[in-house]
Amino acid sequence: MEVEEATDEQNETVEQNETVEKEETENVEMKESDKENVENNEKDYVAVLNEKEKHYFDKKEVVELSKITIPNTSNQHYFQGATWSADGTCLLTAVNAKGLMIFELPQDIYGKESISKERDINVLKPVITVKCATNIYDFCFNPILNSMDDTTTFFIASCQNEPIKLYDAFNGNYKSSYRAYDNADELDAALSVCFSADGSLIYGGMKKGIVVFSTSVPGRDYDTIPLKQATSCIASNYYSSEIAAGSWNKTISLIDSRDYLVTDTLIGHKQGVTYLKFSTNGDYLISGSRKDSNLLMWDMRNRSLPLYRFTRRVDTNQKVQFDLSYNSNWLISGDTRGIVHAWSLFDLDENDFPKENQYALHSDACSGISLHPYLPVLATCSGQFKYGNDLDIDEKTEEIIENSLVLWWIGQAE
């Protein structure tokens, strides 16, 4: 009798184990199926977006959507750049001697395939303002920011004589700081900042290299990537382990983030490099420099010489931004004349060079530019330091001063 009971219990255990194994197998199959569906959906989304991108600037004109202008007084309030969040809901900008501002995309633009040319122009108003007491060196959003997930909604900024600071993108509240120190154990401000692909790391460009912080560990614990020159700008390749570090000595260092070793050095600019941008697929790197009209496009698979040299006018030392569309169909850049250049990388002329459209959108230097991640919306901002500028500037001089942030529609318009 006891033997029979033991056998029954063993049989019951075997059946339970088989049931568990079956459920686990089904769960694995479901997860693999879900993963495959997600990948297919992403491919479909990219394909649709790729086709839409090719129709940007089709009409050879742009439509003004929204605008804000900040008067330039003796405090020198001018825009220093702009960048869209990864989910496209908001735009982060910096205004000299004023602080960081976040603007939201106008609600009536979501889901639009085309707009009316007679649409009223919205007045942009910042939803968040973060005051900065010193000069703003650099800023950027978390690269995986999603407004539906509050654990991802943050951005960082580096200011003169201050540590790298992390802020909440919902309310602008200060959350934490990341402090680097020099050989004398004095606080050293980062000249440039950048996140890793997943937002887990923060890279800070310093006067003698790069510091690497864990985003989840604020304070002064960091790794150091030693370099012989200052890192004036920095970019992370989201499809590889590479970091690109531009410097004032005209070169770009390519660094493997796994072992912090320099793998290559790109040489092509005539002046100090001020801005870098990798393409979404990681195949290309765009670089620009101060007082240098050459905008260089590097193929990461063949780095001996730039793939293309684009021409834009940069007469000053200020950083003049550029941007790539999600599928790298368009390269967009401002210049110090207020002209916006749009090169169609998918449409080449008889000399196998990307065709170009030009738009005179500002009366002052267009220093900031950013393409919306999935809508035909372009953000541009203008302004620059004015020597001798004060409250008593004459009317003639005032006419050429423009400190504006503008949103433009670059798609179909009726």
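One can find the structure itself at the top, above this paragraph.
Each value, and the rule that gives it
Residues numbered from 1 in each chain as written. Predicted model: local features only at pLDDT ≥ 70, side-chain atom pairs only at ≥ 80, totals over all residues. Heavy atoms only, no water. Pairing = 2+ DSSP bridges. Helix = DSSP H or I, 4+ residues; strand = E, 2+ residues; numbered from the N terminus. Axes fitted to C-alpha atoms, helices over the stretch in contact; angles between N-to-C directions. Phe/Tyr/Trp six-rings, centres within 6.5 Å; stacked < 30°, edge-to-face > 60°. Buried < 20%, exposed > 50% of the residue type's maximum accessible area, 1.4 Å probe, protein only. Lys NZ or Arg CZ within 6 Å of the ring centre and 35° of its normal. Polar contact = N/O pair within 3.5 Å; in protein donor to acceptor, adjacent residues only side chain to side chain. Contact = heavy atoms within 4.5 Å.

(A) A look at the sheet that holds strand β3 (residues 90-95). Taken together, 4 strands build an open sheet; the order of strands is β2-β3-β4-β7 and the sheet is antiparallel. The sheet is open, and its two edges are formed by β2 (79-84) and β7 (128-130), each paired on a single side. The average angle at which neighbouring strand axes cross in this sheet is 15°, direction not considered. In terms of strand pairing, β3 meets strand β4 (residues 99-104) through 6 bridges, oriented antiparallel. Its bridge partner lying in β4, Val95 is registered against Gly99.

(B) Inspection of the packing of aromatic side chains at higher detail. If you walk through the whole model with that rule in mind, you get 14 aromatic pairs. Ring centres 6.3 Å apart and planes at 70° place the aromatic pair Tyr167 and Tyr174 in the edge-to-face group. Residue Tyr167 is classed as buried on the basis of its relative accessible area of 6%. Taken together through their ring pairs, the aromatic side chains of Phe57, Trp330, Phe346 and Tyr359 make up a single cluster. Its guanidinium or amino end placed over the ring of Tyr181, Arg220 lies 3.9 Å from that ring's centre, counting from NZ or CZ.

(C) Structural view of the sheet that holds strand β11 (residues 174-178). Pairing in this open sheet of 4 strands is antiparallel, and the strands run β8-β9-β10-β11 from one edge to the other. Where the open sheet ends on each side, the last strands, each with one partner, are β8 (136-141) and β11. The mean angle between the axes of side-by-side strands here comes to 20°, regardless of whether they run parallel or antiparallel. Alignment of strand β10 (residues 164-168) against β11, held across 4 bridges, turns out to be antiparallel.

(D) Expanded view of the pairing of strand β16 (residues 209-214). Burial analysis of β16 places 5 of its 6 residues in the buried class, which makes it a mostly covered element. Of the pairings in the sheet, the one linking strand β15 (residues 201-206) to β16 comprises 6 bridges and is antiparallel in character. The residue of β16 that forms the bridge with Tyr203 is Val212. In this structure, the hairpin formed by β15 and β16 is closed by a connection of 2 residues. Where β16 and strand β17 (residues 223-226) come together, 4 bridges link them in antiparallel fashion. When the bridges of β17 are listed, Val212 appears paired with Asp223.

(E) How the structure looks around the side chain of Asp364. Mapped onto the secondary structure, Asp364 falls in the loop between β29 (354-360) and β30 (366-371). The buried category is assigned to Asp364, whose relative accessible area is 3%. Engagement of the side chain of Asp364 in a polar contact is seen with the side chain of Gln384, the distance being 2.7 Å. Looking at Asp364, its side chain comes within polar contact range of the side chain of Lys386, at 3.0 Å. If near-sequence neighbours (up to four positions away) are discounted, Asp364 is found in contact with Thr336, Arg337, Gly338, Ser382, Gly383, Gln384, Lys386, Ile400, Ile401 and Glu402.

(F) Focus on the environment of Tyr326. Within the secondary structure, Tyr326 sits in the loop between β26 (322-324) and β27 (330-333). Under the relative-accessibility criterion, Tyr326 is labelled partly exposed at 34%. For the pair Tyr326 and Leu49, spaced 277 residues apart in sequence, the C-alpha to C-alpha distance is 8.2 Å. In contact with Tyr326, other than residues within four places in its own chain, are Val46, Leu49, Glu53, Thr280 and Pro373.

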